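Chain and residue survey
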Amino acid sequence: MLRRRRTLGALASVALLGLLLAPDAFASALTPEKGGSPAANHIWSLYLITLIIAAVIFVGVEGALIYCLVRFRARKGREAKQVHGSARLEIGWTVGAALVLVALATVTFLDLRDIRDPTNSGPNGLNLSGSEYVTTGSLKPPNGRALTIDVIGMQYIWQYVYTNYSPSPDGLGTPYSYYQMVVPTNTTVILHVRSKDVVHEWWIPKLGAKVQAVPGYTSNTWFKISKPGNYPGQCSFLCGRGHTRMIAEVTAVPPAQFQRWLVLQELYLHKADLQAQACRQELSAHQGAQSVEFVKSC
Amino acid sequence: MATVALSPAPQIVARRVEPAPRGIMSWITTTDHKRIGILYLVTSFAFFILGGTEALMIRLQLGEANNTLVSPEVYNQLFTMHGTTMVFLFIVPMLAGFGNYFVPLMIGSRDMAFPRLNALSYWLFLAGGIVLYSSVFWSPPEAGWISTVPLAESTYLPSGGVDAWIYLVHLTGLSSLLGSINFYVTVAKMRAPGLSWSRLPLFVWSILAYSLLLIIAIPVIAGAVTMLLLDRHFGTHFFSTANGGSVLLWQNLFWFFGHPEVYILILPAFGIISEVLPVFARKPIFGYKAIAASTIMISFLGLLVWVHHMFTTPTPLVVLIFAMISSFLIAVPTGIKIFNWIGTLWQGSIEFRTPLMFATGMVGLFTIGGLSGIFLAMIPVDWQLSDTYFVVAHIHFVFVGGSTMGIFAGIYYWFPKITGRMLSERLGKWSFWFMFVGILVTFMIQHSLGLDGMPRRVYEYANVGNLQLYNQISTVGSWILAFGVLLTIINVWRSLHHGTVAGPDPWKANTLEWFTTSPPPINNFDEIPRVRSLEPMKDIRREIERRSREGSGARERTPAEIKVRA
């Protein structure tokens, strides 16, 4: 009996050690993604704590079950012990289960604010001293300054509007992009996630918390990326037949490069506006003629 | 010598034998709870096969990265039909079937309280199934089993599939509502003499909790789908934002039903396990009162946790925290059950018959589903895991590892009572091992899929990382699981005609359904025994043995008479 218990204990500790020292490839099968943003990293460590506790319970329960099935299988001369229960034991494991959950709830509460509330931008981030960076909305970092991007989900593409750079109060001419969101590194980015049609869900695994884009509501989330690179993701809430193809990508670049990209984007949008304007004029000049030609000339 | 001559198996004396009604009309017009139970069991198993086939097609499509076996449209229809079928047309009615057949027998009653209402319940359920599956010939629903709005509004899905889904919910909902009232009244009013609440079999307790939850949850979903129907066809705007409706209203209403539904699907399976384990461990159930109380606790708490399906919605944090705490609380009574089941096996004399294997397999697999549920109950962790394959893995460990394994335990345990013949143990054990391994292979790896970034309800994925490998493992597992189910179907088919004759009490079980013949006569019991403990059949067997030891005299009396006079 004692020997068996020792074996079980040894097995459990080996399993735990394996979890902690697991190589990267193996770890990715057991833990969520991280490395993009503080929120994702916090979630990762919270998940790991839960995983270890769950693994201990798992080994305990399944071990006890298998032990019973092996040790107490019917054999000649074995009499089942006719007991109806044990108040002490039952109160014991009820309290035990409750204590584990209290511990988990406490850890969650300790981490919840760090995951939900944005931190200030880093010193190497975008210079947020301008008045356009003062955040509105419920989610804001301690110093109240962040890059704010409106994320708009629609069947089946994501649009990103860089509201800090709105040239006029009505929002006309604000730079935007589709599919690829370019952000500066080391900068707190706050997302206001909305939807134009059905429910979508914004999820970039490496950046952490996913939020639903619910028509009529605004969901908020944030991230701060320290490493330049591409962070892929996709819509994770069923939004129709094109749901699978509603992919997204966040590209983090150094602040200087971000500003160049922004200027270029504004230029492209302006150019497109001018082209459209020219098209319209041509269209009204040739009213009534064959439309096919206009398309060609535009 | 008398002990040799007199089998301790209980028996009854029939004073007047009426030939059982035959023919298809007798099945259509029946109000006998046993026949209705069989109708429920057979029909819902047929739907199980349909839903399972859809699952296999889903797994085939995902068996390869960038696969084009089915179109996105068909894929969305497949998972919608699969989920809807398994929830509304397999697990709920299957458990209703067991309840119909065995609740009256277990409480020593001759039928349900309202036999005709009972028949109506079955036919409403069948109508719901036919309505949903008729849509296959036109355009099946494709908004998921949760019919998420506004996708399910007529703007986005104008075809009739969603309407078929709405009528399915209405018809099966009404069926469940009537059935639940029937169960409740039957248990409250028609128990055998001496069968107090504290001697009620645990399966009956679980059916009682199932009924109470259905009575509370069904009206809410009925109202919600009616609003959706009005939105779709009569110009109302309950759920359309542009006109002042609210999408979150639908999510709240749906999950107010949807989460209790999870417990509706699992509690009676818990009940079956609580019946099977003590019989084959040859021990009384460990902590009867704690298990019964935890059933009621789970039902109550189950009504408070629906917002944990909405952690990623723009809902105030304080509401999310409430849902997290109540979800944590539910783990306590669930843990109590698992510990008590292990306590039941502890120091028993465990006979490895098929029902026991399915029951212990259920305990082992459900534990995994319970533990993964803790991750999803933690708000920030759920922010990462919600709507990914991690959730798919979790619900399948609960519904396949939990409910379905419990249902199979019930099939192997009660088949002898229903048909009078035993199922083959050899085939049954093979079936168990294939299903058990199949479930582990199919669903365990899906946790990793979710952790690696694969959302649920997608018809294809790119070949990055280990996604294709994991999906292939899962697809192989699904066929192992399907083969296991097929073995049980073959087993049932063969044993119906060639199985060993079971006799009234082949397992030496504890509850009253084993007191009567297998299959039971139309009136169940000629004489209803008086119940003196939690395990009336043990008392009866003991009494027979005592009398037969005392010598002659006992031979002329039936066990029923002995019990009544004792």
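Since the model is a prediction, treat every value here as computed from it, not as a measurement.

Moving on, we get to the overall build of chain A. On a plain count of helices and strands, chain A comes out with six helices and ten strands. Considering only contacts in chain A between residues 6 or more positions apart, those separated by 24 or more positions represent 64%.

With that settled, the discussion passes to the overall build of chain B. Looking only at helices and strands, one finds 17 helices and zero strands in chain B. For 566 residues, the compact-globule formula gives about 24 Å, and the C-alpha radius of gyration of chain B, at 24 Å, lands near that figure. Taking the principal axes of the C-alpha coordinates as reference, chain B spans close to 85 × 50 × 45 Å. The buried share of chain B, reckoned over its 566 residues, is 61%. Taking contacts inside chain B between residues at least 6 apart in sequence as the whole, the part at least 24 apart equals 82%.

Hydrogen bonds between backbone groups are what pair the strands of a sheet, and the pairing can be parallel or antiparallel. Residue and element names in this part refer to chain A. Pairing is mixed across the open sheet formed by three strands, whose spatial order is E4-E10-E9. Each end of this open sheet is capped by a strand with a single partner; those strands are strand E4 (180-184) and strand E9 (229-234). The mean inter-strand angle of the sheet, taken between neighbouring strand axes irrespective of direction, is 20°. Strand direction decides the pairing type here: E9 and strand E10 (residues 247-253), joined by six bridges, are antiparallel. Considered in E10, the bridge of proline 232 is made with glutamate 249. In this fold helix H5 (residues 255-285) packs onto E4 and E10, with an angle of close to 135° to the strand it touches most, E4.

This part is about the domain arrangement of chain A. Residues and elements named next belong to chain A. Taken domain by domain, chain A comprises domain 1 (2-70 + 89-116) and domain 2 (131-284). By residue number, the principal contributor to the side of domain 1 that touches domain 2 is helix H3 (residues 38-71), which donates four residues. Per-class residue counts for the side of domain 1 that touches domain 2 are six nonpolar, three polar and two charged.

A separate point is the interface of chain A and chain B. Taken together, the contact pairs 67 residues of chain A with 66 residues of chain B. Considering each element in turn, the side of chain A that touches chain B owes the most residues, 13 residues, to H3(A). Class assignment of the residues belonging to the side of chain A that touches chain B gives a composition of 37 nonpolar, 19 polar and eleven charged.

With that settled, consider the packing of helix H4 (residues 72-106) of chain B against helix H6 (residues 161-189) of chain B. Two numbers describe a pair of packed helices, the interaxial angle and the distance between the axes. All names here are of chain B. The N-to-C vectors of H4 and H6 enclose an angle of 20°; their axes lie 11 Å apart at closest approach. Classified by the angle between their axes, H4 and H6 sit roughly parallel to one another. Our pair here, H4 against H6, has a crossing hand that is left-handed. Contacts from Thr84, Phe88, Val92, Ala96, Gly99, Val103 and Pro104 in H4 reach Trp165, Leu168, Thr172, Ser176, Gly179, Phe183, Thr186 and Val187 in H6. Of the residues assigned to the contact of H4 with H6, the class counts are nine nonpolar, six polar and no charged.

Our next topic: the sheet that holds strand E2 (residues 157-162) of chain A. Residues and elements named next belong to chain A. Pairing is mixed in the open sheet, where five strands are placed in the order E3-E2-E1-E5-E8. Of all strands in the sheet, those bounded by a partner on one side alone are strand E3 (176-178) and strand E8 (219-223). Taking the axes of each pair of neighbouring strands and ignoring which way they run, one obtains an average angle of 25° across the sheet. Taken together, the five bridges between strand E5 (residues 189-195) and E8 define a ladder with antiparallel strand orientation. Across the sheet, isoleucine 190 pairs through a bridge with tryptophan 222, a residue of E8.

This part takes up the nonpolar core. B:Val204, B:Ile273, B:Val276, B:Met362 and B:Ala409 are the most contacted members of the largest nonpolar core, which totals 243 residues. A per-element tally of this core places helix H8 (residues 247-281) of chain B first, with 22 residues. If you count residues domain by domain, this core takes at least three from each of domain 1 (2-70 + 89-116) and domain 2 (131-284) of chain A.

Bringing helix H10 (residues 317-345) of chain B into the picture now. All names here are of chain B. If you check H10, its first and last C-alpha atoms are 43 Å apart, about what 29 residues at 1.5 Å a residue would give, namely 42 Å. Burial of H10 is extensive: 21 of the 29 residues sit out of reach of the surface. Glutamine 347 sits one or two residues past H10 and shows a positive phi near 60°.

With that settled, the discussion passes to the confidence of the model for chain B. Residue and element names in this part refer to chain B. Overall, the prediction assigns chain B a mean pLDDT of 93, with 94% of residues at 70 or greater. For residues 1-6, every residue scores under 50 in pLDDT, and the model assigns this stretch eight contacts once sequence neighbours within four places are set aside. The complex model carries a pTM of 0.91, and its ipTM stands at 0.90.

This paragraph deals with the pairing of strand E1 (residues 147-154) of chain A. All names here are of chain A. Of the strand pairs in this sheet, E1 and E5 are connected by seven bridges, and their pairing is parallel. Bridged to glycine 153 within E5 is serine 195. Here E1 runs beside E2; their pairing, made up of six bridges, is antiparallel. Residue pairing across strands places valine 151 opposite tyrosine 160, the latter belonging to E2. Counted along the chain from E1 to the antiparallel partner E2, the turn is two residues long.

This paragraph deals with unusual backbone geometry. Residue A:Tyr156 is bonded to the preceding A:Gln155 through a cis peptide linkage, with omega at -10°. Inspection of the secondary structure puts A:Tyr156 in the loop between E1 and E2. Following B:Val149, the chain continues to B:Pro150 via a peptide bond in cis, the omega torsion being 0°. Notably, A:Asn186 is not glycine yet its phi reads approximately 55°, a positive angle. Within the element layout of this structure, A:Asn186 appears in the loop between E4 and E5. A positive phi is found at B:Gln347, a non-glycine position, where the angle reads about 60°. Mapped onto the fold, B:Gln347 is located in the loop between H10 and helix H11 (354-377).

Residue and element names in this part refer to chain B. The topology assignment puts tyrosine 167 in helix H6. Looking at tyrosine 167, the number of C-beta atoms within 10 Å reads 19, which means it is partly exposed. Expressed as a C-alpha distance, the spacing of tyrosine 167 and leucine 229, which sit 62 residues apart in the sequence, is 9.2 Å.

Rules used in this analysis
- Residues numbered from 1 in each chain as written.
- Chains lettered and ligands numbered in written order.
- Predicted model: local features only at pLDDT ≥ 70, side-chain atom pairs only at ≥ 80, totals over all residues.
- Helix = DSSP H or I, 4+ residues; strand = E, 2+ residues; numbered from the N terminus.
- Contact = placed C-beta atoms within 7 Å.
- Rg over C-alpha atoms; globule rule 2.2 N^0.38 Å.
- Buried ≥ 20, exposed ≤ 12 C-beta atoms within 10 Å, placed from the backbone.
- Pairing = 2+ DSSP bridges.
- Axes fitted to C-alpha atoms, helices over the stretch in contact; angles between N-to-C directions.
- Domains from an automatic or database assignment.
- Nonpolar A, V, L, I, M, F, W, Y, C, P; charged D, E, K, R; others polar.
- Parallel < 35°, antiparallel > 145°, perpendicular 65-115°, else oblique.
- Left-handed = near helix turned anticlockwise from the far one by under 90°.
- Core = buried A, V, L, I, M, F, W, Y, C linked by C-beta atoms within 7 Å.
- Expected span 1.5 Å × (residues − 1).
- pLDDT = per-residue confidence, 0-100.

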